[in-house]
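Take a look at the letters that make up each chain.
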Amino acid sequence: MNTDVIQKQALAVDPPDEYFDPDLQPETGEQYLQKVIFERKNCPAVVVAKPSPKRRHQQQQQPKNLTGSGAIPMDLVKNVAPRALMPTKEWESIQNRKFAELRETITGYRNSVYYQENLQKTHIYLNFENRKQLHEYCAKNQPFVRILLSMPQRNLEILLEYLYEWLQEERSEEVSVEERIYRKDWITQWIYAILACIITPLEPYVHSVLRDIAKMCIAMRNDLAAEDELKVLPLNLLICIISKNFNQLDLSDNVE
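Small disclaimer: the values here were computed from a predicted structure and weren't measured.

Axis separation between helix H10 (residues 204–222) and helix H11 (residues 233–245) bottoms out at 9 Å; the angle between their running directions is 145°. The crossing of H10 and H11 is left-handed. Listed contacts from H11 to Leu210, Ile213, Ala214, Cys217, Ile218, Met220 and Arg221 of H10 are Leu235, Asn236, Leu238, Ile239 and Ile242. Of the residues in the contact of H10 with H11, the class split is 10 nonpolar, one polar and one charged.

In structure tokens form, the structure reads like this:
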């Protein structure tokens, strides 16, 4: 097994070099991600939102077939995005194949002797009851798979809830659509990485969180204009992965 892949980012991309020009319009997905990395390193502050009630607390008081009150009604996220922003079946097929291969690699790594060695070498203390600390850590750090694999499943589920709330808060901020899309990129990267590492089957309330993430991505895509093809890539990726890999087919862009 090639264990080097576990030391890489879930969404690996070469960092911008000395010749990188942040003023140029990105022409490829890789150039777009390099611009995100560049701007993120020069971001002067981290926005920390106020805590809100957690659906996992509600889950303890409700039957398992009920979702939390934070769920987004489906009729509020009907697809009204320009056709140019919608992914093709071929693109979705490629992304799902890559995602399946990544999960297969991670599952194999979990069953190897290197997994326990990684747990012993990875020392990251995060208080999962401290929303502010988690926000600051995720906003400033890449979602390395080796870090996520050192977290218990329960903590991955908690972090997934926080990431949904931060994505929701970014959309509600009174800022331009362009700034909002830029500010949410680190959130979508962390969500994708967690989806690659989380162990299935999932609890019903986790599926509820995933549905809300996909619906929020649809709503954020609706905010974009037809020319925003590069900005829509992370949103389309999450919609595609969640709908096809986590049994939320009614949210798929290309229902078969």
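So much for the structure itself; the text now carries on.
Turning next to H10. Under the 1.5 Å per step criterion, the end-to-end length of H10 is 27 Å for 19 residues, consistent within 8% with the ideal 27 Å. Among the 19 residues of H10, 16 are classified as buried, and the element is accordingly described as predominantly covered.

The subject of this paragraph is helix H9 (residues 185–197). Across its 13 residues, H9 extends 19 Å between first and last C-alpha, which sits within 8% of the 18 Å expected from 1.5 Å per residue. Taking burial as the measure, the 13 residues of H9 include 13 buried ones, the bulk of the element.

Pro201 follows Thr200 through a cis peptide bond whose omega is 5°. Here Pro201 is to be found in the loop between H9 and H10.

What follows concerns the pattern of salt bridges. The full count for this structure, using the stated rule, is eight salt bridges. Close ionic contact of Lys231 with Asp228 constitutes a salt bridge, the shortest N to O distance being 3.6 Å. A relative accessible area of 14% means that Asp228 is categorised as buried. A cluster of three or more residues bridged by salt bridges with shared partners is formed by Arg131, Glu165 and Glu169.

Turning next to the side chain of Asn254. Tracing the chain through its elements places Asn254 in the segment after H11. The class for Asn254 is buried, based on a relative accessible area of 11%. At 3.1 Å, the side chain of Asn254 and the side chain of Glu92 are in polar contact. Setting aside chain neighbours within four positions, we find Asn254 in contact with Arg83, Pro87, Thr88, Lys89, Glu92 and Lys244.

One can find Gln31 in helix H1 (residues 29–41). Owing to a relative accessible area of 32%, Gln31 belongs among the partly exposed residues under this scheme. Between the C-alpha atom of Gln31 and that of Pro15, which follows or precedes it by 16 residues, the distance is 9.6 Å.

On to the packing of aromatic side chains, then. The tally for this structure, following the rule as stated, stands at six aromatic pairs. Considering the side-chain rings of Tyr109 and Tyr115, the 6.2 Å spacing of their centres and the 80° angle between planes classify their relative orientation as edge-to-face. Under the relative-accessibility criterion, Tyr109 is labelled buried at 3%. Since its relative accessible area comes to 17%, Tyr115 is described here as buried. Relative to Trp190, the ring of Tyr137 lies with its centre 6.1 Å away and its plane at 65°, an arrangement referred to as edge-to-face.

What follows concerns the packing of helix H3 (residues 89–110) against H11. At a minimum axis separation of 10 Å, H3 and H11 run at an interaxial angle of 70°. It follows from the interaxial angle that H3 and H11 lie roughly perpendicular. Helix-helix and strand crossings are classified by hand; for H3 and H11 the assignment is right-handed. Facing H3, whose interface residues are Trp91, Glu92, Gln95, Asn96 and Phe99, H11 presents Leu233, Asn236, Leu237, Cys240, Ile241, Lys244 and Asn245. Tallied by class, residues from the contact of H3 with H11 come to six nonpolar, four polar and two charged.

Parameters at a glance
- Residues numbered from 1 in each chain as written.
- Predicted model: local features only at pLDDT ≥ 70, side-chain atom pairs only at ≥ 80, totals over all residues.
- Heavy atoms only, no water.
- Axes fitted to C-alpha atoms, helices over the stretch in contact; angles between N-to-C directions.
- Helix = DSSP H or I, 4+ residues; strand = E, 2+ residues; numbered from the N terminus.
- Left-handed = near helix turned anticlockwise from the far one by under 90°.
- Contact = heavy atoms within 4.5 Å.
- Nonpolar A, V, L, I, M, F, W, Y, C, P; charged D, E, K, R; others polar.
- Expected span 1.5 Å × (residues − 1).
- Buried < 20%, exposed > 50% of the residue type's maximum accessible area, 1.4 Å probe, protein only.
- Salt bridge = Lys/Arg side-chain N within 4 Å of Asp/Glu carboxyl O.
- Polar contact = N/O pair within 3.5 Å; in protein donor to acceptor, adjacent residues only side chain to side chain.
- Phe/Tyr/Trp six-rings, centres within 6.5 Å; stacked < 30°, edge-to-face > 60°.
- Parallel < 35°, antiparallel > 145°, perpendicular 65-115°, else oblique.

Spatial relationships are all this shows, so hold off on functional conclusions.
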